[in-house]
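# Coordinate inspection notes
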Amino acid sequence: MEKIMGEIMQEHVDRLMMLGTLSADEFTELLRYRNAETTEYLFQKAEEVRKQQFDKEVYLWGRLPFSNYCKNDCNYCGLRRSNRFVKRYRMNMKEILQYCHEGYRQGIRNFLLESGTDFYFSEANFAEIVDAVHKHFPDCTIILNVGDHTKAAYLHWMHLGAGAAMLSHDASNELQFKRLHSANMSLLRRKQGMWELQEMGYHTGTGFLVGTPYQTIENVSEDLLFMKQFMPQMIQIAPFLAAKHTPFERERSGNADMVLYLMAIARLMFRGSILIADPSLEQAMHDGRKKALQAGANAVVVDIVDEALRGAYAVYDEHTIHRQQETIKSFEQQIREKGYEVVRKAIM
């Protein structure tokens, strides 16, 4: 029976390799009956596709979390509005440009400007930041990860130099989305915002968390099928990690091996897309980002702020965080030792 099931799983991988998608039932089987043999075969195919599309190239993204204020009260996030234990901060223009200059000096050519959904950074305020970063670093891609905003705001920022935007759907199932997010947030509005970004011409990314409370295998299959419908240019699949002072603080964190398995599935589904190795993987397993490269990832996110700010941007419990002690240079060397080439160029 085990042999028969193993053969069925390999057939699912082959079918995914050929068609770029599966039925909901096939995805559910591929996830539910995950085993070492199937994982090895899946990773082999994901690596094959990654090499065909990108050779050995790996992009570095420099993450700049410029504010940890957030108007939302999401149940999983340590930056949630009602968390009184977070030391809040907002960077000014001088600080933002200083961090960007240091990142650029170390070879960063893709800046991920990230924050909570902060009322202070209105369309006009944030436009000044985008404009300044673009003028100082015209050969770099500015990637936004700033949450839900109006179409007009995103258009304004695009005209000033923003080229890419992450807007994760988090959960494509309506009930699961409501369990994760504030009552004021809407899955329909989130999806609408994603489609608008794509229509505007943004290089658009989405993704979801793995192992959130109440999440089922069927929910994850829904997420994969929704992403196939959306066809993102960038994909971020990350583990759920319990954060202190949130309703989910006592919940079990997501399985990092399942995250890597899903990343390999995503590589077969989205051959030419950027598959992101997020810093949260380091919190879930040793050398998580480097292991993600073997699962098909071709972009690695590194923080370009100092450790004090990394601690304040505590989306997850800071006691679970494996601190990024290495410099960007030493991290590049470790990637090269794995047989990959870090490229110092913008994604677009």
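Definitions and limits used
Residues numbered from 1 in each chain as written. Predicted model: local features only at pLDDT ≥ 70, side-chain atom pairs only at ≥ 80, totals over all residues. Heavy atoms only, no water. Helix = DSSP H or I, 4+ residues; strand = E, 2+ residues; numbered from the N terminus. Expected span 1.5 Å × (residues − 1). Buried < 20%, exposed > 50% of the residue type's maximum accessible area, 1.4 Å probe, protein only. Arc of directions from axis to C-beta. Polar contact = N/O pair within 3.5 Å; in protein donor to acceptor, adjacent residues only side chain to side chain. Phe/Tyr/Trp six-rings, centres within 6.5 Å; stacked < 30°, edge-to-face > 60°. Lys NZ or Arg CZ within 6 Å of the ring centre and 35° of its normal.

### So, helix α4 (residues 93-105)
For α4, built from 13 residues, the straight-helix expectation of 18 Å at 1.5 Å per residue is met to within 8% by its first-to-last C-alpha distance of 18 Å. Within α4, burial applies to I96, L97, Y99, C100 and G103. The buried residues of α4 occupy an angular sector of 160° when projected down its axis, which confines them to one face. Along α4, exposed side chains directed more than 90 degrees from the buried face belong to K94 and R105. The opening residue of α4 is N92, an N-cap whose side-chain oxygen sits 3.1 Å from the backbone nitrogen of K94. The positive-phi residue at the C-terminal boundary of α4 is G107, with phi of around 105°.

### A few points about the packing of aromatic side chains
Taken as a whole, this structure holds 11 aromatic pairs when the rule is applied. Between F126 and W157, the ring centres sit 4.9 Å apart and the planes meet at 90°, which makes this aromatic pair edge-to-face. With F126 in helix α5 (residues 123-136) and W157 in helix α6 (residues 151-159), this pair connects stretches of sequence that are 31 residues apart. Between the aromatic rings of Y154 and Y202, the centroid separation amounts to 5.8 Å while the plane-to-plane angle is 85°, which identifies the pairing as edge-to-face. Within this pair, whereas Y154 is found in helix α6, its partner Y202 is found in the loop between α8 (187-200) and β5 (203-210), the two being separated by 48 residues in sequence. Ring pairing ties together the aromatic residues F66, Y120, F121, F126, Y154, W157 and Y202, which thus form one cluster. Just above the ring of Y104 sits the side chain of R109; from NZ or CZ to the centre is 3.6 Å. One residue, K191, lies across the ring of F226, its end atom 4.5 Å from the ring centre.

Function cannot be inferred from these measures alone, as they are strictly geometric.
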